[in-house]
Amino acid sequence: MEQGWRWELSPVHLLRLRHHTQDDDTLSPALRLDTFKMAMHTPDSGSGGSGPGRDTLSTLEAAMADGPVAELLLRRLEASDGGLDSAELAAELGMEHQAVVGAVKSLQALGEIIEAELRSTKRWELTAEGEEIAREGSHEARVFRSIPPEGLAQSELMRLPSGKVGFSKAMSNKWIRVDKSAADGPRVFRVVRSCRLARGQVDGHVDPWPSHPLSRQVDSMEDEVQRRLQLVQGGQAEKLGEKERSELRKRKLLAEVTLKTYWVSKGSAFSTSISKQETELSPEMISSGSWRDRPFKPYNFLAHGVLPDSGHLHPLLKVRSQFRQIFLEMGFTEMPTYNFIESSFWNFDALFQPQQHPARDQHDTFFLRDPAEALQLPMDYVQRVKRTHSQGGYGSQGYKYTWKLDEARKNLLRTHTTSASARALYRLAQKKPFTPVKYFSIDRVFRNETLDATHLAEFHQIEGVVADHGLTLGHLMGVLREFFTKLGITQLRFKPAYNPYTEPSMEVFSYHQGLKKWVEVGNSGVFRPEMLLPMGLPENVSVIAWGLSLERPTMIKYGINNIRDLVGHKVNLQMVYDSPLCRLDAEPRPPPTQEAA
């Protein structure tokens, strides 16, 4: 027989069923849900009757999940003076804290019924291993208890579940000792204490270890680790000193966790009765006119829409575009940097770097086998560079060594983009008359580096070059301040340094909050006359330059502590999706710059 079903009870009014119980307030939400489901069945539903289907009940159960908890919360809040703590309420009701949090969020979505303030507190909790030790004793105590009076072979002891960890701890506590003279190999005994009556006897009994006349065996010990963990388990972590907690943390038995709870108070529209707010206006509501009597959930015009699927830029590319924009805003022109393969001449010799310099060794530079040498070089310029290196000139005595053309022709993967700057300055020198310029470049360089948290064999270098009459170190520092201010890097230090092609030279450091230390972010200086004058630039022209990596500022900007998490095969692609747009502009205030002595 067909039956027509009509749901008379909403999830909010589920608790109305509790009039059949003796103690309504102690009825658990799970029991109330079961009571409601039984009320929806008829006696003959199992014999052909048309009762609510399994899917209908599952849907209803999901809709009512927060109903009982929400009503309990409102009734408790009505009886309270100021408010309720969600964690304390969960403990009183004997339910999971997350269930109470779900009810709080459901009530928040209904408007100004309640006000909820998120609070964070820290507390100490035992790890899974810590709970086991609090229950069964520490590893060293278990090792101690497993050793019989006649001792135990060390190899057999190490096979015990707590053997390896417990052995070292028990040895450091001087609870056990190892007798390496035993016939069957090293043997472990409990430590004996001084109480000898005569050699070979202990209180009238034969000493089983006559070579150790200090005799009484330790039969008991105090397991301090277990006692401390039981204090934490009992909510008395404050009785432990900082040193004791630190020791337990090192052993991964104790962890400091942050508990997030809600402080719930009455809102401006507080009520213990809740009516569901409609979210959609249906044609039936309009035709029947029922929409006039129904509450509607207000629109949230500040809510974010669903983001469309699209491609994502790697953080390096985001920061690179910002660097490029900053250079363009400062009036710089981008240099061509298409020469990944460079000759040693442009990479080293043109920069007044001697051919015996350690940076030109194979352990620092990647040299090419094919093609091994550069075929075309500006030979008149090469001769001037050769003379400056070997004999001196332009006010310099040079390096006084035999300069070799074959060494200058060797091809390599460029170690810095300063080789591109040398080419650009050489082309500038050929133009008459001289015109002041500002150049920049951002591209890849290659060095035979040892990989670590801040170094890669392939990375990006950013370089800025300014050529004009009478530039000094003060101009360089002023440009650097302006440049790094636009980057949003305010904690700077300048440290004197040495470069073969700049004098004076400075290293630029920035404080990395993640690594908690000062990290080198750039190098700078004034190009030497020995580099500029052989190119053909006028004598009163100075060139200031600086370079920095692209990876380290990106790490500072995005809070990445290991460069291998930014570039390489271990990169998490989700990081690329989640990284926000790069905005490097800082507040308009002068950065606190320090010049290190």
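Residues numbered from 1 in each chain as written. Predicted model: local features only at pLDDT ≥ 70, side-chain atom pairs only at ≥ 80, totals over all residues. Heavy atoms only, no water.

Let me state the cut-off plainly: UniProt positions are given in the numbering used here, feature names are shortened, and annotations may be inferred rather than shown by experiment.
The name given to the chain in an unreviewed UniProt entry is Phenylalanine--tRNA ligase alpha subunit, and the organism recorded there is Rhinopithecus roxellana. Within the UniProt record for the chain, the comment given under Sequence similarities (unreviewed entry) is "Belongs to the class-II aminoacyl-tRNA synthetase family. Phe-tRNA synthetase alpha subunit type 2 subfamily." Note on the chain: under the UniProt heading Subunit (unreviewed entry), the record states "Heterotetramer; dimer of two heterodimers formed by FARSA and FARSB."

### A look at the side chain of Arg251
We apply this condition: Only DSSP runs of H or I reaching four residues or more are called helices, and only runs of E reaching two or more are called strands; each is numbered from the N terminus. Buried means the residue's accessible area, taken with a 1.4 Å probe over protein chains only, is under 20% of the maximum for its type, while exposed means over 50%, and partly exposed covers the values in between. Distance and chemistry together define a polar contact, namely a pair of N or O atoms within 3.5 Å, with one atom able to donate a hydrogen and the other to accept it when in protein, and with adjacent residues in sequence counting only for side-chain atoms on both sides. We call two residues in contact when some of their heavy atoms are within 4.5 Å.
Within the secondary structure, Arg251 is located in the loop between α11 (242–250) and β10 (254–266). On the basis of relative accessibility, which here comes to 14%, the residue Arg251 falls in the buried class. Within polar-contact distance, the side chain of Arg251 engages the side chain of Glu140 at 3.0 Å. Once residues within four sequence positions are removed from consideration, Arg251 is found in contact with Glu129, His139, Glu140, Lys169 and Val225.

### So, helix α10 (residues 224–233)
Those residues of α10 that sit buried are Val225, Gln226, Arg228, Leu229, Leu231 and Val232. As for α10, its buried residues are in contact with β2 (114–126), α6 (128–136), α7 (139–146), α11 and β10.

### Description of the packing of aromatic side chains
Heads up, the condition is: Note on aromatic pairs: the rings of Phe, Tyr and Trp (six-membered ring only in Trp) are paired at centre separations within 6.5 Å, and the planes decide the class, stacked below 30 degrees, edge-to-face beyond 60, tilted for the rest.
What the rule picks out here adds up to 19 aromatic pairs. Between Phe327 and Phe440 the ring centres are 4.7 Å apart and the planes differ by 5°, which places this aromatic pair in the stacked class. On the criterion of sequence distance, the pair formed by Phe327 in helix α13 (residues 315–329) and Phe440 in strand β14 (residues 437–446) is long-range, its members being 113 residues apart. Note on Phe327: relative accessible area 0%, which makes it buried. Members of the aromatic cluster, connected to one another through ring pairs, are Phe323, Phe327, Phe332, Phe440, Phe483, Phe484 and Trp546.

### Quick notes on the confidence of the model for the chain
Counted only if it meets this: The predictor rates its confidence in each residue with pLDDT, a number between 0 and 100.
For the chain, the average pLDDT comes to 78, and 80% of its residues sit at 70 or higher. Of the regions scoring below 50 in pLDDT, residues 1–66 engages in 65 contacts with residues more than four places distant in sequence or in other chains. The low-confidence segment residues 194–216 (pLDDT under 50) makes 38 contacts with residues lying over four places distant or belonging to another chain.

### A closer look at the pattern of salt bridges
Stated formally: When a carboxyl oxygen of Asp or Glu is within 4 Å of a side-chain nitrogen of Lys or Arg, the pair counts as a salt bridge.
Applying the stated rule across the entire model yields 23 salt bridges. Among the salt bridges present, the one from Arg76 reaches Glu92, with a minimum N-O distance of 2.9 Å. Of this pair, Arg76 sits in helix α3 (residues 67–79) while Glu92 sits in helix α4 (residues 86–93), and the two are 16 residues apart along the sequence. The salt bridge partner of Arg528 is Glu530, with a shortest N-O separation of 3.1 Å. Shared partners join several salt bridges into a network, and the residues in it are Glu224, Arg227, Arg228, Glu244 and Glu247.

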